[in-house]
Amino acid sequence: MSTVSSAAFTAATALAAIGYLAALVNFRLARKSREALAEAQARAEALEDKLFESHENEERYRALVEGLGDVIVRRNARGLITFANRDYAALAGEPAEALVGLKTGLMVLEQGPTTLRPDGARSHDQRLMTARGERWIAWTDFPLREGDGPAQVQSIGRDITARKEQEAALQTARQAAEDASAAKSRFLATVSHEMRTPLNGILGMAGLLSDTRLTGEQASYRDAIETSGRALLTLIEDLLDLSKVEAGRLDIAKSPLDLAALIEETVELLAPRAQSKGLEIAAAADPELPAEILGDGDRIRQILVNLIGNAVKFTDRGGILVTVTRVAPDRFAIAVEDTGIGVAQDALGRIFDEFEQADSTDARRHAGTGLGLAISRRIVQAMGGEIMVASEEGHGSTFTVLLPLIPLAPARPHIPVPAAEIAATSPMLKQALSLQLGQDEAAHRREPPPALIADHALGAEALRRLAEAERPGPRIVLVAPADRPAIPHLRSLGYDHYLIKPVRTQSLRDVLGGRFAVPQTQAEMQEAAAAAAQPFRILIAEDNPINAMLIHAMLVKLGHQPTLARDGSSAVRMAIGRPDALFPFDFVLMDLQMPGMGGIAAARAIRAAEGPGRRMPIVALTANARAEVEEDCFKAGMDAVLVKPLEKHELVAALAIYGRPSEIRRESVAKAS
């Protein structure tokens, strides 16, 4: 083949190869383009799916937000609304879109307190004026931050108008109930006063009848009058106490007090009631008891009166023992033990309920409202303590009160006293005396103890034999108040001292230790009795003629010289007397409610007119047992308050404590000047 032909062939071959390659490249490029296009189309379809899903989620979220019923609004850092849901728009009365970009807010009528939360949110309530009227909204504000931009605040609110209206209605109802309770308490106090006044006459006159000659039939009628009157008095006092509890006026005060002395004083107060039934009653305190504690003495006394009164009511034989012990550094136990009828096991769970008694049958033997224990439990609970009962039917009961009280002083140091032989028929009296002396081992000594403590209830023969035994220590006889006439005879038997039951711990220890100034001879005893019996000149300010006659008769029988004033003004004129007369009267008994000038004003007038060294004892007489009345009496300068019906022993105690013969006081004033 020629050279030309070869070159041509080569060129043609090359061109064919280039064409092939170009076709191959075009084919491959076309295929890649189709693949790229398909991939792009797939990506576009995926993005479209995601966009649709996003729109769908947004609609679902919006529907969820709108369906929650909450009010939602979002504001930027400048306070402009960036989002508001349908419920907020409805409150604003504008379309949601129209609110975006505005600083419009709802008018705030009342702003509640704001609470900050650890996560930075805050909660608060607002009363707003809205297009739907006044509404209460409870807001929670959350800070929102997106990227590096300024934070926004999203507020989510819930309409609580219905709840607020219910709370307001409840408060109105509560206030109405409190007003009704207060009105009931005022009514009960008024009725109590009006009932106590005639009761004072009924019970007082029944007491005076006891001092006259009565036939057996007349005596039974007198007893019926007194029993019925005291039942009515108990009912009045229980209802008054219950009304105070229900009215929420059960305030617990805290002041320093001597718990041991309070126990003994309360037992002394109730002793006449127990002794009139032939019951022994005694009190004993733990020697390690603090000398002073912080507590509410009036409330503790009220608990004791209820518990001891119950024990006396349900005990016909034996006695009552009241003890107080320290069971922990700041916890004290007061126990009231009796030998009465006891409580059935099925009744123990309900005796602290209102209007309940252990015997709830129609044929129950003991009258009463069944409020005493319920009121006591309320008081104990208010003091942070608890009350319990242990009892067996037919074998007595023990009520124990545990109280948290703050000690203020250590126990008093007890000076050792001689050991004493305790001779008594009552196991409770023996136990009380042993606790008071801390000498439980005295009964087990081989040799007779140097001192003797004998109960008058042992009888004359037993007392004589005991007194005849040789012993170096004192011989002490214990007598009930009604047994005082026997004291000279007991002295003749060889007894050195006597103590009146219930016996106080300190008095007993003082006599045993030789530190008690008790008359040592019968002549000295008679001289002391005569000095104590000096008559007082007593002014009675009382407008009720029956009560005036009653008090006058009681004082005359006690050997005093009463004078009557019918109103406060007369009492002031008579009490002040002549300017040169230091004490025209030794004592004033002042009724509070009298025509013209009442007792409070009269007491103030007397105190204002008294000069240096002139202070006449003034004791209030009132049928109103409220604490605020007693406080008003003390502010007016009175020395004590006696509540009607007036008990004879309370009058005697008041005269003994606050009254002194004018001659003695004149001498004291002269020495002081």
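Since this is a predicted model, take the numbers as computed values, not measurements.

A.B. asks: Give a description of the nonpolar core that names residues and reports values.
C.D. replies: Core analysis: the largest hydrophobic core is formed by 44 residues, its most contacted members being Leu259, Ile300, Leu304 and Ile308. Residue assignment for this core shows that the elements contributing at least two residues are helix H6 (259–276), strand S9 (280–285), helix H7 (297–313), strand S11 (319–328), strand S12 (331–338), helix H8 (372–382) and strand S14 (397–404). Dropping the residues within four chain positions of it, Ile300 is found in contact with Leu259, Leu262, Ile334, Met383, Leu403 and Leu405. Formed by 22 residues, the second largest nonpolar core is a distinct cluster that contains Leu539, Ala541, Ala575 and Phe585.

A.B. asks: Residues and numbers for the sheet that holds strand S19 (residues 497–500), please.
C.D. replies: Strands pair in a sheet through their backbones, by hydrogen bonds, and they do so in one of two ways: parallel or antiparallel. With respect to topology, four strands assemble into an open sheet ordered S16-S17-S18-S19, the strand pairing being parallel. Sheet topology places strand S16 (420–423) and S19 at the edges, where each strand pairs with a single neighbour. Averaged over neighbouring strand pairs, the angle between their axes works out to 20 degrees when direction is ignored. With four bridges connecting them, strand S18 (residues 475–479) and S19 associate as parallel partners. Opposite Ile476, over in S19, you have His497 as the bridge partner. Contacts from helix H9 (residues 427–437) reach S16, strand S17 (451–455) and S18 within the one sheet, and its direction differs from that of S16 by about 160 degrees. Running at roughly 175 degrees to S17, helix H10 (residues 460–468) makes contact with S16, S17 and S18 of the sheet.

A.B. asks: Can you break down the sheet that holds strand S21 (residues 561–565) residue by residue, with the values?
C.D. replies: Reading across the sheet, the five strands line up as S21-S20-S22-S23-S24 and stay open at both edges, with parallel pairing between neighbours. The sheet is open, and its two edges are formed by S21 and strand S24 (640–643), each paired on a single side. On average, each strand axis in the sheet is inclined to that of its neighbour by 25 degrees, with strand direction left out of account. Where strand S23 (residues 618–622) and S24 come together, four bridges link them in parallel fashion. In the strand pairing of S24, Thr622 is matched with Val643.

A.B. asks: Would you mind going over the packing of H7 against H8 in detail, with residue names and values included?
C.D. replies: Running from N to C, H7 and H8 cross one another at 150 degrees; their axes reach a closest spacing of 9 Å. As judged from the angle between their axes, H7 and H8 are roughly antiparallel. With respect to the hand of their crossing, H7 and H8 are arranged in left-handed fashion. Between H7 and H8, the residues in contact are Arg299, Gln302, Ile303, Asn306, Leu307 and Asn310 and Gly372, Leu373, Ile375, Ser376, Ile379 and Val380, respectively. For the contact of H7 with H8, the per-class residue count stands at six nonpolar, five polar and one charged.

A.B. asks: Now, about the packing of helix H15 (residues 568–576) against helix H16 (residues 599–609): what can you tell me, with residues and values included?
C.D. replies: In the contact formed by H15 and H16, the axes pass within 9 Å of each other and the chain directions differ by 20 degrees. It follows from the interaxial angle that H15 and H16 lie roughly parallel. Once H15 is placed against H16, the crossing between them reads as right-handed. Between H15 and H16, the contacting residues are Gly568, Ala571, Val572, Ala575 and Ile576 on the first element and Ala602, Ala605, Ile606 and Ala609 on the second. Split by residue class, the contact of H15 with H16 holds eight nonpolar, one polar and no charged.

A.B. asks: Residue-level account of the side chain of Asp591, with values.
C.D. replies: On the secondary structure map, Asp591 appears in strand S22 (residues 587–591). Note on Asp591: relative accessible area 5%, which makes it buried. Aside from chain neighbours lying at most four places away, what touches Asp591 is Ala541, Glu542, Asp543, Gly599, Leu621 and Lys644.

A.B. asks: For the packing of aromatic side chains, give the residues involved together with the corresponding values.
C.D. replies: One pass over the full model with this rule turns up zero aromatic pairs. Across the ring face of Trp136, the terminal group of Lys164 is positioned such that the distance to the ring centre comes to 4.5 Å.

A.B. asks: Can you tell me about a nonpolar patch on the surface, naming the residues and giving the values?
C.D. replies: On the surface, a nonpolar cluster with roughly 270 Å² of combined accessible area is contributed by Met107, Leu109 and Met129. Residue classification places Leu109 among the partly exposed positions, given a relative accessible area of 32%.

A.B. asks: Explain the pattern of salt bridges to me, and be specific about the residues and the numbers.
C.D. replies: Tallied over the full model, the rule gives 23 salt bridges. Across the pair Arg465 and Glu461 runs a salt bridge whose closest N-O atoms are separated by 3.8 Å. With Arg465 and Glu461 both in helix H10 and four residues apart, the pair spans about one turn of that helix. Among the salt bridges present, the one from Asp639 reaches Arg615, with a minimum N-O distance of 2.6 Å. Here Arg615 lies in the loop between H16 and S23 and Asp639 lies in the loop between helix H17 (627–635) and S24, a separation of 24 residues in the sequence.

A.B. asks: Tell me about H6, residues and numbers included.
C.D. replies: For H6, which comprises 18 residues, the first-to-last C-alpha distance of 27 Å matches the rise-based estimate of 26 Å (1.5 Å per residue) to within 8%. Residues of H6 that are buried: Leu259, Ala260, Ala261, Leu262, Ile263, Glu264, Thr266, Val267, Leu270, Ala271 and Ala274. A distance of 3.2 Å separates the backbone nitrogen of Ala260 from a side-chain oxygen at the start of H6, and that oxygen is part of Asp258. Of the residues one or two after H6, Gly278 is the one with positive phi, at around 80 degrees.

Thresholds applied
Residues numbered from 1 in each chain as written. Predicted model: local features only at pLDDT ≥ 70, side-chain atom pairs only at ≥ 80, totals over all residues. Heavy atoms only, no water. Core = buried A, V, L, I, M, F, W, Y, C linked by side-chain atoms within 4.5 Å. Buried < 20%, exposed > 50% of the residue type's maximum accessible area, 1.4 Å probe, protein only. Helix = DSSP H or I, 4+ residues; strand = E, 2+ residues; numbered from the N terminus. Contact = heavy atoms within 4.5 Å. Pairing = 2+ DSSP bridges. Axes fitted to C-alpha atoms, helices over the stretch in contact; angles between N-to-C directions. Parallel < 35°, antiparallel > 145°, perpendicular 65-115°, else oblique. Left-handed = near helix turned anticlockwise from the far one by under 90°. Nonpolar A, V, L, I, M, F, W, Y, C, P; charged D, E, K, R; others polar. Phe/Tyr/Trp six-rings, centres within 6.5 Å; stacked < 30°, edge-to-face > 60°. Lys NZ or Arg CZ within 6 Å of the ring centre and 35° of its normal. Patch = residues over 30% accessible without salt bridge, like charges linked within 9 Å, V, L, I, M, F, W, Y side chains within 5 Å. Areas by Shrake-Rupley, 256 points an atom, 1.4 Å probe, with all protein chains shown as cover. Salt bridge = Lys/Arg side-chain N within 4 Å of Asp/Glu carboxyl O. Expected span 1.5 Å × (residues − 1). Polar contact = N/O pair within 3.5 Å; in protein donor to acceptor, adjacent residues only side chain to side chain.

That is the geometry; function is a separate question.
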